[in-house]
Amino acid sequence: MSVSSGMKSVRLVTIYRPHKSKKNKATASTFFSEFSTLLEMNSTGKTPVTFIGDFNFHMDDLTDREAEGFRDLLASADLVQHVKEPTHIGGHILDLVISCGSDNVVSNVVVHKENDPDYLAEQYDTTLRDLVDKHAPEVRREITLRPNAPWFTPSLQAAKQKKRQCERAWKKSGLECHRQIFQEQCKEYHKLLYDAKTTYHKSQVDNTNDRQLFKVIDNICVGKREQILPSSDSEKDLADNFADYFASKIRDIRQELDQDKDNENSISHPFESCQSHFSEFSQVTDEDVRKFIQKSPTKSCPLDPVPTWLLKEELLDELTPIIPKLVKRSFSYGRFPTSFKRARVVPSLKKPKMDREVLKNYRPISNLSFLSKLEERIAASQIQDYLSANNLYAHVQSAYRSCHSTESALLRVQNDLLSAVDSQKEAVLVLLDLSSAFDTIDHRIFLNRLNSRYGIEDKALDWFTSYMDNRS
């Protein structure tokens, strides 16, 4: 095909090189021979020639021998390959634009990434941040913080004002009768305050579910905890010290585990190969994602472009078409967006009475963005449905399982102990506390177990691989 613009014209040659299969037997050497013939046929004309198409060579992979052979062929013919960004969902450059180096026909080739999960996530973040900066720029103000007392009603405010009036009257006159009136008003006010607090906290406990009950009780008894950190002259040095400690802790534990792995006394647990298969996530609808957003806790992270409450209350209709598209592309590409892997890590002192200057007394708390946790919940929901439908849960598993909890685990342990005693058998209970259990999981073993034990494969396994890789 020839394309003309003004006095200039260019000839476009479209090429598709299929992968080698039993049907076509298209080897790389055969393509090199045919492409060389094509170059000779187009070398005699005066019109510049540009070759475009899907060549199915991983041009970005310097270890790929076929790609290396094709690069040598292009160089021998003084041809330049202009595509520099990945064009395939696997992250490789397969679609090429090739022209003669002396023709100056092609420049600035841009790969459109409208469907790439990383591109969509980046556009979502930058667009919302730009809008917030434009319409609600950050403004610094000095304000006076007053404790929030939700039980402090207008009637309590009136009783407090009356108490103050009685106090001023007594101080002004000094009379005994005014002092007694003030004392009576103090008693009445404190009684009203006590009743208001009691009523408020009772309603908080009565209107909560079992999952939220411990949090409500903790807020009543302890209140908001201030962040405790070691003393340091530099926040950056303190952050670097924590990062080095947490990383070295996991590295040391992993080294010990690797040494124990070869121990002759180590025990391996055999399991049967999974007969069911989960090859890809189901494509969620806009309404499905909307329900997940509405059910998610209204928690925000500094990495979020907008607060979660604003997204749920004001922006949900506008963002509903965008967020589901991002989740769908992530599942179909088998790739978890890179920006979703970033977390804000906050050191938390394990117990209030521990020495705040000792780093090992802290545990890292990772705070992820709202969309990252949203996609996790959607993926977890589908995986849990698959495990339940195919009866793949461990028989005695209580964690991360519907209708199971620590209560069901304790009931099982108690029942087994009592049954053993009733049968006049000896019962021994062994309790293990694994240090940094989740952080020390071997990713290779984990992914292999997902595939062989639970039947996770293809795009679904690619998604989990991407999810585990290069987190920061």
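Up top is the structure.
Numbering of residues begins from 1 in every chain and follows the order in which that chain's sequence is written. Per-residue local features of the predicted model are confined to residues with pLDDT of at least 70, and side-chain atom pairs are confined, for both listing and counting, to 80 or more; whole-chain, interface and lining totals are unaffected and use all residues. Only hydrogens and water are set aside; all other atoms, that is, all heavy atoms of the structure, feed into the side-chain values.

K.L.:
Would you mind going over the overall build of the protein with me for this structure?
P.N.:
By definition, any uninterrupted DSSP run of H or I lasting at least four residues is a helix, any uninterrupted run of E lasting at least two residues is a strand, and each is numbered from the N terminus. Looking only at helices and strands, one finds 15 helices and seven strands in the protein. In terms of C-alpha radius of gyration, the protein reaches 33 Å, well past the compact-globule figure of 23 Å for 472 residues. If you line up the protein on its principal axes, its C-alpha atoms span 120 × 75 × 50 Å. Within the protein, the fraction of its 472 residues that count as buried is 27%. The contact rule is simple, with two residues in contact once any of their heavy atoms fall within 4.5 Å. At a minimum sequence separation of 6, the contacts of the protein that also span at least 24 residues come to 65%. Note on method: radius of gyration uses C-alpha positions; expected globular size equals 2.2 Å times residues raised to 0.38. Categorising residues by exposure relies on relative accessible area from a 1.4 Å probe, with only protein chains included: less than 20% of the type maximum marks a residue as buried, more than 50% marks it as exposed, and the intermediate range marks it as partly exposed.

K.L.:
Hey, could you run me through the nonpolar core in this one?
P.N.:
Burial of nonpolar side chains together is a common tendency in soluble globular proteins. One finds Phe281, Leu311, Ile323 and Ile456 to be the most contacted residues of the largest nonpolar core, which totals 39 residues. Looking at this core, the elements with two or more residues in it are helix H3 (117–135), helix H8 (286–295), helix H10 (316–319), helix H11 (322–333), helix H12 (370–389), helix H14 (443–452) and helix H15 (458–468). The biggest single contributor to this core is H12, with eight residues. Once residues within four sequence positions are removed from consideration, Leu311 is found in contact with Tyr124, Ile293, Val306, Leu316, Leu319, Ile323 and Phe370. Ala28, Met59, Phe70 and Val106 belong to the second-largest nonpolar core, a separate cluster that totals 24 residues. Nonpolar cores are built from buried Ala, Val, Leu, Ile, Met, Phe, Trp, Tyr and Cys residues. Side-chain atoms within 4.5 Å join them into one set.

K.L.:
Even after reading the chapter, I still don't get the environment of Met59, so can you show me in this structure?
P.N.:
Counting through the fold element by element, Met59 comes out in the loop between strand S3 (49–54) and helix H2 (65–76). For Met59, a relative accessible area of 9% gives the class buried. If near-sequence neighbours (up to four positions away) are discounted, Met59 is found in contact with Ala67, Phe70, Arg71, Leu74, Ile93 and Leu96.

K.L.:
Before we go on, may I ask you to explain the pattern of salt bridges in this structure?
P.N.:
Side-chain pairing between opposite charges can occur once the charged atoms of the two side chains come close. The term salt bridge refers to a side-chain nitrogen of Lys or Arg lying within 4 Å of a carboxyl oxygen of Asp or Glu. A full pass over the atoms with the stated rule returns 13 salt bridges. Between Glu138 and Arg140 there is a salt bridge, with its nearest N and O atoms 3.7 Å apart. Of the two residues, Glu138 and Arg140, neither departs from the other in class, the shared state being exposed. Note that Lys328 and Asp286 form a salt bridge whose closest N and O atoms lie 3.7 Å from each other.

K.L.:
Looking at this structure, I do not really get the packing of helix H4 (residues 154–173) against helix H5 (residues 176–206). What am I missing?
P.N.:
Each packed pair of helices is defined by two parameters, the angle between the axes and the distance between the axes. For the pair H4 and H5, the least separation of the axes is 9 Å and the interaxial angle reads 160°. On the basis of their axis angle, the class for H4 and H5 is roughly antiparallel. The hand of the H4/H5 crossing is left-handed. Packed against H4, whose contacting residues are Leu156, Ala159, Lys160, Lys162, Lys163, Cys166, Glu167, Ala169, Trp170 and Ser173, the element H5 presents His178, Arg179, Ile181, Phe182, Gln185, Cys186, Tyr189, Leu192, Leu193 and Ala196 at the interface. Helix axes are fitted to C-alpha atoms over the stretch in contact, other axes to C-alpha atoms as well, and angles between N-to-C directions run from 0 to 180 degrees. In these notes the angle categories are as follows: under 35 degrees is roughly parallel, over 145 is roughly antiparallel, 65 to 115 is roughly perpendicular, and the rest is oblique. Helix crossings are classified by the rotation of the near helix relative to the far one: an anticlockwise turn of less than a right angle makes the crossing left-handed, while a clockwise turn makes it right-handed.

K.L.:
Teacher, can you tell me more about the pairing of strand S5 (residues 95–100) here?
P.N.:
Remember that side chains alternate between the two faces of the sheet whenever the strand is regular. By the criterion of burial, S5 is predominantly enclosed, with five of the six residues buried. Strand pairing requires that DSSP identify at least two bridges connecting the strands. With five bridges connecting them, S3 and S5 associate as antiparallel partners. Residue pairing across strands places Asp54 opposite Asp95, the latter belonging to S5. Two strands pair when backbone bridges link them, and strand S4 (residues 79–81) and S5 are joined in this way by three bridges, in the antiparallel orientation. Bridging across to S5, Gln81 finds its partner in Ile98.

K.L.:
How should I be thinking about the packing of H8 against H11 in this particular structure?
P.N.:
It is the contact of H8 with H11, at a shortest axis distance of 9 Å, that shows an interaxial angle of 105°. Relative to H11, H8 is oriented roughly perpendicular. Facing Asp286, Val289 and Ile293 of H8, the residues of H11 in contact are Ile323, Pro324 and Lys328. Basically, the charged four are Asp, Glu, Lys and Arg, the nonpolar ten are Ala, Val, Leu, Ile, Met, Phe, Trp, Tyr, Cys and Pro, and anything else, Gly included, counts as polar. Its residues placed into classes, the contact of H8 with H11 shows four nonpolar, no polar and two charged.

K.L.:
Looking at this structure, I do not really get a nonpolar patch on the surface. What am I missing?
P.N.:
A cluster of nonpolar residues, Val413, Leu417, Leu429 and Leu431, forms a patch on the protein surface that exposes about 360 Å² of accessible area. If you trace the backbone, Leu431 turns up in the loop between helix H13 (406–422) and H14. A relative accessible area of 70% means that Leu431 is categorised as exposed. Candidates for patches are residues over 30% relative accessible area with no salt bridge; among them, like charges are joined within 9 Å and nonpolar side chains (Val, Leu, Ile, Met, Phe, Trp, Tyr) within 5 Å. Here the open area of atoms and residues is found with the Shrake-Rupley method and a 1.4 Å probe, where only the protein chains shown may cover a residue.

K.L.:
Teacher, can you tell me more about the side chain of Gln382 here?
P.N.:
Here Gln382 shows up in helix H12. Residues within four places of Gln382 in sequence aside, it is in contact with Phe278, Phe281, Ser282, Val284 and Phe331.

K.L.:
I tried to follow unusual backbone geometry on my own but got confused; where do I start?
P.N.:
What is expected of a backbone is that most residues other than glycine have negative phi and most peptide bonds are trans. We note that Asn56 has phi near 55°; this positive angle belongs to a residue other than glycine. As for its placement among the helices and strands, Asn56 is situated in the loop between S3 and H2.

K.L.:
Is there a simple way to explain the side chain of Ser369 in this structure?
P.N.:
Positionally, Ser369 belongs in the loop between strand S7 (362–368) and H12. Setting aside residues no more than four positions away along its own chain, Ser369 makes contact with Cys301, Leu303, Asp304 and Phe340.

K.L.:
Would you take a moment to explain H12 for this structure?
P.N.:
Owing to its 3.6 residues per turn, the α-helix brings residues three or four apart onto one side. Given the number of residues in a helix, its expected span is that number minus one, multiplied by 1.5 Å. Compared with an ideal rise of 1.5 Å per residue, which puts 20 residues at 28 Å, H12 spans 29 Å between its outermost C-alpha atoms and is within 8% of the ideal. Of the residues making up H12, those classed as buried are Phe370, Leu371, Ser372, Lys373, Leu374, Glu375, Ile378, Ala379, Gln382, Ile383, Tyr386 and Leu387. Elements that come into contact with the buried residues of H12 comprise H3, H8, helix H9 (308–313), H11, S7 and H15. The first or second residue beyond H12 is Asn391, which carries a positive phi of 55°.

K.L.:
Before we go on, may I ask you to explain H2 in this structure?
P.N.:
A rise of 1.5 Å per residue sets the reference length of H2, with its twelve residues, at 16 Å; its end C-alpha atoms lie 17 Å apart and thus fit the reference within 8%. Regarding H2, the residues found buried are Ala67, Phe70, Leu73 and Leu74. Summarising the axial view, the buried residues of H2 lie within an arc of 120°, below the 170-degree limit, and thus occupy one face. When the buried face of H2 is taken as reference, the exposed residues oriented beyond 90 degrees from it are Arg65, Ala75 and Ser76. On the buried face of H2, the contacting elements are helix H1 (28–42), S4 and S5. Pairs of N or O atoms are called polar contacts if they sit within 3.5 Å, as long as, within protein, a hydrogen donor faces a hydrogen acceptor (for residues adjacent in sequence, only side-chain-to-side-chain pairs). Regarding H2, its N-cap is Asp64, as a side-chain oxygen of that residue lies 3.0 Å from the backbone nitrogen of Glu66 further along. Immediately beyond the C-terminal end of H2, within one or two residues, lies Asp78, with a positive phi of roughly 60°. Here the arc refers to the directions that run from the helix axis out to each C-beta atom.

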